[in-house]
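Listed here are the chains, written in short residue letters.
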Amino acid sequence: MVLKVFFPSCCATAESGLLIGRWIPEQNSAVVLAVVHFPFIPGQVKQYLSEVQRVTQINMCVLGSWSNSKQEKEEVLDKFLEDLSTIFSHEPWIQLSKERDSKFWSCCIFQKYPSSPKEDEFILVYYDQRKVMLSQLHPTDNLTTSADHKGNDASKLGAVFDTVAKSKVLFMTDRYDDGPIKLTHWQSEGVEASIIVELMKQASVPVCMLLTFLLSLVSSVCKSRVLKFWPLSFIWSKLSTCEQLGHRMEHLQIISSNRKAQNQTQLMRKANIFVSLLIDMALGILLMSWLYRENRIGQLADTLIPVADHIAKELQDLLQWLMGVPAGLKMNRALDQVLGRFFLYHIHLWISYIHLMSPFIEMILWYVGLSACLGLTVALSILSDIIALLTFHIYCFYVYGARLYCLKIYGLSSLWRLFRGKKWNVLRQRVDSCSYDLDQLFIGTLLFTILLFLLPTTALYYLVFTLLRLLVVVVQGLIHLLVDLIDSLPLYSVILRLCRSYRLAASVKFRVLEQKAGKPLRLLMQINPLSYGSVVQTYRLTTYACYPKDSWSSLCKKLFVGELIYPWKHKGEKQD
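Bear in mind the structure is a predicted one, so any value in this text is a computation, not a measurement. (Residues numbered from 1 in each chain as written. Predicted model: local features only at pLDDT ≥ 70, side-chain atom pairs only at ≥ 80, totals over all residues. Heavy atoms only, no water.)

Asks: Give me the overall build of the protein: which residues, what numbers.
Replies: A count of helices and strands for the protein gives 16 helices and 13 strands. For the protein, with 576 residues in total, the buried portion stands at 40%. Surface summary for the protein: the accessible area is close to 33900 Å², and the carbon and sulfur share equals 64%. (Helix = DSSP H or I, 4+ residues; strand = E, 2+ residues; numbered from the N terminus. Buried < 20%, exposed > 50% of the residue type's maximum accessible area, 1.4 Å probe, protein only. Areas by Shrake-Rupley, 256 points an atom, 1.4 Å probe, with all protein chains shown as cover.)

Asks: With reference to specific residues and values, describe the environment of L470.
Replies: Its place among the elements puts L470 in helix 13 (residues 438-488). With 72 residues separating them along the chain, L470 and Y398 place their C-alpha atoms 9.6 Å apart.

Asks: Pulling in residues and values, what's your account of the packing of helix 10 (residues 333-370) against helix 13?
Replies: Between helix 10 and helix 13, whose axes approach to 10 Å, the crossing angle comes to 25°. As judged from the angle between their axes, helix 10 and helix 13 are roughly parallel. By crossing handedness, the relation of helix 10 to helix 13 is classed as right-handed. In this structure, helix 10 contributes L335, D336, L339, G340 and F343 to the contact, and helix 13 contributes L454, T457, T458, Y461 and F465. Broken down by class, the residue content of the contact of helix 10 with helix 13 amounts to 6 nonpolar, 3 polar and 1 charged. (Axes fitted to C-alpha atoms, helices over the stretch in contact; angles between N-to-C directions. Parallel < 35°, antiparallel > 145°, perpendicular 65-115°, else oblique. Left-handed = near helix turned anticlockwise from the far one by under 90°. Contact = heavy atoms within 4.5 Å. Nonpolar A, V, L, I, M, F, W, Y, C, P; charged D, E, K, R; others polar.)

Asks: Talk me through the side chain of D385; I want residue IDs and the actual numbers.
Replies: Here D385 lies in helix 11 (residues 376-390). For D385, a relative accessible area of 10% puts it in the buried group. Contact partners of D385, with chain neighbours within four places excluded, come to L239, S240 and T241.

Asks: Can you lay out helix 10 for me, pointing to particular residues and giving the numbers?
Replies: Spacing of three or four residues puts side chains on the same side of an α-helix, whose turn is 3.6 residues. Look at helix 10: 51 Å from first C-alpha to last across 38 residues, which is about the 56 Å you get at 1.5 Å a residue. In the structure, helix 10 departs most strongly from a straight axis at P359, where the bend amounts to approximately 60°. (Expected span 1.5 Å × (residues − 1). Bend = angle between axes of the 7 residues up to and from the residue.)

Asks: Summarise helix 7 (residues 240-256); cite the residues concerned and give the values.
Replies: Taking 1.5 Å of rise per residue, the 17 residues of helix 7 would be expected to cover 24 Å, and the 24 Å separating its terminal C-alpha atoms lies within 8% of that figure. Within helix 7, the full set of buried residues consists of S240, T241, C242, E243, Q244, H247, R248, M249, H251, I255 and S256.

Asks: Lay out the packing of aromatic side chains with the relevant residues and their values.
Replies: The final tally for this structure, using the stated rule, is 15 aromatic pairs. Centroid distance F343 to Y400: 6.5 Å. Interplanar angle 20°. Geometry classified as stacked. With F343 in helix 10 and Y400 in helix 12 (residues 392-419), this pair connects stretches of sequence that are 57 residues apart. Accessibility expressed as a relative area gives 2% for F343, which makes it buried. What links up through ring pairs into an aromatic cluster is the set F342, F343, F397, Y400, Y461 and F465. Across the ring face of Y532, the terminal group of R497 is positioned such that the distance to the ring centre comes to 4.6 Å. (Phe/Tyr/Trp six-rings, centres within 6.5 Å; stacked < 30°, edge-to-face > 60°. Lys NZ or Arg CZ within 6 Å of the ring centre and 35° of its normal.)

Asks: Tell me about the pattern of salt bridges, and please be specific about residues and values.
Replies: Per the stated rule, a full pass over the model turns up 7 salt bridges. Linking D162 and K166 is a salt bridge whose minimum nitrogen-to-oxygen distance equals 3.3 Å. The class of K166 is partly exposed, set by a relative accessible area of 41%. Among the salt bridges present, the one from R248 reaches D487, with a minimum N-O distance of 2.9 Å. Remark: D487 occurs in helix 13 and R248 occurs in helix 7; sequence separation between them is 239 residues. When its relative accessible area of 6% is taken as the criterion, R248 is described as buried. When salt bridges with common partners are traced through the structure, they connect R248, D280 and D487 into a single cluster. (Salt bridge = Lys/Arg side-chain N within 4 Å of Asp/Glu carboxyl O.)

In structure tokens form, the structure reads like this:
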């Protein structure tokens, strides 16, 4: 039988005493948590272990004895520790001793009823108790060929990690306590604490109460019936700024909630949200300070009108080019002139609207810059909405061209079925055979000919304005991707992986310390941290992003037939 003993490295220099911990019979292993020193009363030790077991819900017991060879009267002490097995009736009784003037340890086991006549083999595994207690062992995705074997190993290690993590109550006593029992563990020299952390805990209570009160007021205003009427509800669901503000409000509600995190995953999620909000607001304040320094708001307002005029002039030149002979193509002159003048009139209206708003643009930008204190993501969302408003005429051109092109495409496809004696059955959603008379065929031929010869002119306008619209959508998409990156990146987990990598454990590795015949094999257990990619994938926050639902094939099909591509996000579409 192979017996594995997980021994904390901090107890290697402890005085002689009793080994307390947990026995895992399924794995035939013992997890040593602390050493109880002399003098002690066995009844008090049993009472203390029962209290710890009631709090931790772990089967805590006396595993055996520990003898340090540096003490005097070693033989008498070893005999006394061996006799303690009659008082603390644990099966098996493990006796560890440190040999004098030797780096090897001796380990033996006492059983009243041995399971096998063969001599037992021992594997002594040292582990860093502090790192194992603070770390979180994550399951790894393995290949199917070795998934069962590695899954069993992970479950065995998980039992060891879980035992140490749940024994925090045991580690809260040090040698300065006045209790009747003296222990050696990783905090026996003094309980680890931070004054800054304690002050932050005390200050977080009134801050959370204030945040909860303010969020309740804001949520009551947002849930009012006024915002549910058509104009306001439509604007709230289409603007990126409103969606981002709602998303950040949910984050604030999670942080300020007085509900305690049930597990490590929820705790890490709260910490990631808190750090993400802090960094987002810090970047927003830096952006705001940069904007209000050296009158950059005024410079931006003075630049905006000439840029809008330049874009409008370029569009007018483009339309004049389309109304002529673009790239040597022969267009239908009548339709070409109608469409060109129609779009030129819209550009004239847009230029008039921009010049009408020019006296107020600096004031609008000044108030918009203040919103950067809410976070960089809010400022980027406002920038996306401003781009959408400034390019609204391009969107109108795209919609006009797409509707006209789609009408002709569907008309041509319907008339093509007429030539083949087919028709579309609306009730059964299929193509059925149909007989047409001479008049229907004649009118269908005329309409098909007219639509076919007008299609190149319409298609050219649709192609040009679709490319312009896609350019605007790409710019907005890059802004949304940046917002999504800031919202979803688990910054706390990444910083934790950078500074304290052992907190995020993927697996463990064992290094052989000493190996000698007749002596227990001594191993050192070291933690393998998660990779940065696994950290981001495991703790990535949920976002309300504008991801296209369609595949590339369906998107190309929509562009070919002239269906509208809506880049706006829709409320309630949650992306993981």
